[in-house]
Amino acid sequence: MKEAMFYKKMEEDSVICELCPHHCRIKNGFHGICKVRKNVGGVLYTENYSKISSWAMDPVEKKPLYHFYPGSYIFSVGSFGCNFRCKFCQNWQIAQITKVPTEEVNPSELVQIAKSQKGNIGIAFTYNEPSIWYEYVYDVVKISKKEGLKNVLVTNGFIEEQPLREILPYIDAMNIDLKAFKEDFYRDTLGRLSHVLKTIEISKNYCHVEITTLLIPGLNDEEEEIEQLAKWLSSVDKKIPLHFSRYFPNYKLNIPSTPVEKVKKARLIAKKYLYYVYTGNIDDEEGSTTYCKRCGEPLIKRNYYNVKKLIKGKVCEKCKEKLDIVI
């Protein structure tokens, strides 16, 4: 265990964790909502520091990031625990369960392992929620940045402003999960929409940002809500890529899968407000292709994780519009 950052000591050996907006008041011997931060004698410790549950070389498109070094591979790592309780959790085996097999790897070792991977552009903290792995991630990204690696967070965005601003100078890209555009949906996951929106607004000023929304029938797939989401995101930046992914039954949610046409329709609605909208978890050539925002010329074609780049530089070959892609 390692002493946690961002907490306040209270009376009778209790503490208040200030890492995420839950602000858990934790009694001696107990954990916070995330199940990985524990009060021991009035000191808050993080139990997942340096504990790796999974790692793999992934296409960067799998994060998903479509405008960040397209066609590249990135060393992806995860631990365990989460500060949300999503019934549809895609990685519940490590996000919702803490007693999982792990390997102890210190920050310097992880960076060296990442550097040894052929064709690797950096480190992506993913699979479970990286913000509750904060102390380890923070130590790793400071080293990896100096070593020339790119740092990526795949996150639910539910983090307080101070810790977010402290880590962002070391982060190159984020995919933030915007689960819905209504507070009652977030209440069911133990989160709050307003804090996630703030994370998006702040992060956009520091690094490359893309957004993912998993469309779930009857819960967050109404056309009016999709339009509100896209409209708000366009007010932050019309160039932010938005990914609509098809839901499949998982963990504790067994409602039928999202109809393919519903995902495609969501893209068309959002395209009224945003330059780049994609579909995920479906076979959709148009919804996975990047087009020039000015002339509509195809720039990058994708068949799932097979990427064909039709660009040679940083501008559209046809109209010379500057590309909104990190290359």
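Everything discussed here concerns the structure shown above.
None of these values were measured; they are calculated from a predicted model.

Trainee: Tell me what's going on with the packing of helix H6 (residues 193-203) against helix H7 (residues 223-236), and back it up with residues and numbers.
Mentor: The interhelical angle for the contact between H6 and H7, taken along N-to-C directions, is 30 degrees, at an axis separation of 10 Å. As H6 packs across H7, the resulting crossing turns out to be right-handed. Here Leu197, Ile200 and Glu201 of H6 lie close against H7, whose contacting residues are Trp232, Leu233 and Val236.

Trainee: Which residues make up the nonpolar core, and what values go with them?
Mentor: Ranked by internal contacts, the top residues of the largest apolar core, which has 78 residues, are Leu110, Phe125, Leu178, Ile211 and Phe244. With six residues, the top contributor of residues to this core is helix H3 (residues 134-146). Those residues in contact with phenylalanine 244 that lie beyond four places of it in its chain are Thr213, Leu215, Ile226, Val263, Ala266, Arg267, Ala270, Val277, Tyr278, Thr279 and Gly280. Residues Val60, Ile74, Ile121 and Val154 belong to the second largest nonpolar core, which totals nine residues.

Trainee: Talk me through the sheet that holds strand S15 (residues 242-246); I want residue IDs and the actual numbers.
Mentor: Either a parallel or an antiparallel arrangement is found when strands of a sheet pair, and the pairing is made through backbone hydrogen bonds. As summarised here, the arrangement of the eight strands in space is S8-S9-S11-S12-S13-S14-S15-S16, forming an open sheet in which the pairing is mixed. Two strands lie at the open edges of the sheet, namely strand S8 (54-59) and strand S16 (277-280), each paired on one side alone. Sheet twist, expressed as the average angle between the axes of neighbouring strands with direction ignored, equals 25 degrees. With respect to the sheet, H6 is in contact with strand S13 (173-177) and strand S14 (208-215), its orientation differing from that of S13 by roughly 160 degrees.

Trainee: Can you tell me about the sheet that holds strand S1 (residues 2-3), naming the residues and giving the values?
Mentor: Spatially, the three strands line up as an open sheet ordered S1-S6-S5, and their pairing is antiparallel. Pairing within the sheet leaves two strands with one partner each, and these edge strands are S1 and strand S5 (37-40). For S1 and strand S6 (residues 43-46), the ladder comprises two bridges, and the chain directions are antiparallel. Bridged to glutamate 3 within S6 is tyrosine 45.

Trainee: Give a detailed account of the pattern of salt bridges, specifying residues and quantitative values.
Mentor: Any two side chains of opposite charge can pair if their charged atoms end up close together. Per the counting criterion, the structure on display carries 22 salt bridges. Close ionic contact of lysine 182 with glutamate 225 constitutes a salt bridge, the shortest N to O distance being 3.4 Å. Highlighted residues: lysine 182 in the loop between S13 and helix H5 (183-189) and glutamate 225 in helix H7, separated in sequence by 43 residues. By relative accessible area, glutamate 225 is classed as buried at 8%. Across the pair aspartate 324 and lysine 293 runs a salt bridge, and its minimum N-O distance is 2.9 Å. Taken together, the positions of aspartate 324 in the segment after strand S19 (306-309) and lysine 293 in the loop between strand S17 (290-291) and strand S18 (298-303) put the pair 31 residues apart, joining distant regions of the chain. With relative accessibility at 18%, the residue aspartate 324 sits in the buried group. On the accessibility criterion, lysine 293 (24% relative accessible area) is partly exposed.

Trainee: Break down the packing of aromatic side chains for me, citing the residues and quoting the values.
Mentor: Enumeration according to the criterion identifies 16 aromatic pairs in this entry. Between the aromatic rings of tryptophan 92 and tyrosine 251, the centroid separation amounts to 5.4 Å while the plane-to-plane angle is 15 degrees, which identifies the pairing as stacked. Taken together, the residues tryptophan 92 in helix H1 (residues 92-95) and tyrosine 251 in the loop between S15 and helix H8 (260-270) connect sequence positions 159 residues apart. Tyrosine 251 sits in the partly exposed class, given a relative accessible area of 28%. Here a set of aromatic residues connected by ring pairs shows up, and it is made of Phe84, Phe88, Phe158, Phe185 and Tyr186. The side chain of lysine 293 reaches across the aromatic face of tyrosine 275, ending 5.8 Å from its centre.

Trainee: I'd love a proper account of H3, names of residues and values included.
Mentor: The terminal C-alpha atoms of H3, which comprises 13 residues, lie 19 Å apart, in line with the 18 Å expected from a rise of 1.5 Å per residue. Looking at H3, one finds that the buried residues are Tyr134, Glu135, Tyr136, Val137, Tyr138, Asp139, Val140, Val141 and Ser144. The positive-phi residue at the C-terminal boundary of H3 is glycine 148, with phi of around 85 degrees.

Trainee: Got a sec to walk through unusual backbone geometry? Specific residues and values, please.
Mentor: The omega angle of the peptide bond from lysine 63 to proline 64 is -10 degrees, so this bond is cis rather than trans. With respect to the element layout, proline 64 can be found in the loop between S8 and strand S9 (73-78). Phi angles above zero are rare outside glycine, and asparagine 281 is one such case at about 65 degrees. Inspection of the secondary structure assignment puts asparagine 281 in the loop between S16 and helix H9 (285-288). Residue classification places asparagine 281 among the partly exposed residues on the basis of a relative accessible area of 44%. Not every positive phi belongs to a glycine, and lysine 320 is a case in point at roughly 70 degrees. Within the fold, lysine 320 resides in the segment after S19. For lysine 320, a relative accessible area of 54% gives the class exposed.

Conventions used here
- Residues numbered from 1 in each chain as written.
- Predicted model: local features only at pLDDT ≥ 70, side-chain atom pairs only at ≥ 80, totals over all residues.
- Heavy atoms only, no water.
- Axes fitted to C-alpha atoms, helices over the stretch in contact; angles between N-to-C directions.
- Helix = DSSP H or I, 4+ residues; strand = E, 2+ residues; numbered from the N terminus.
- Left-handed = near helix turned anticlockwise from the far one by under 90°.
- Contact = heavy atoms within 4.5 Å.
- Core = buried A, V, L, I, M, F, W, Y, C linked by side-chain atoms within 4.5 Å.
- Buried < 20%, exposed > 50% of the residue type's maximum accessible area, 1.4 Å probe, protein only.
- Pairing = 2+ DSSP bridges.
- Salt bridge = Lys/Arg side-chain N within 4 Å of Asp/Glu carboxyl O.
- Phe/Tyr/Trp six-rings, centres within 6.5 Å; stacked < 30°, edge-to-face > 60°.
- Lys NZ or Arg CZ within 6 Å of the ring centre and 35° of its normal.
- Expected span 1.5 Å × (residues − 1).

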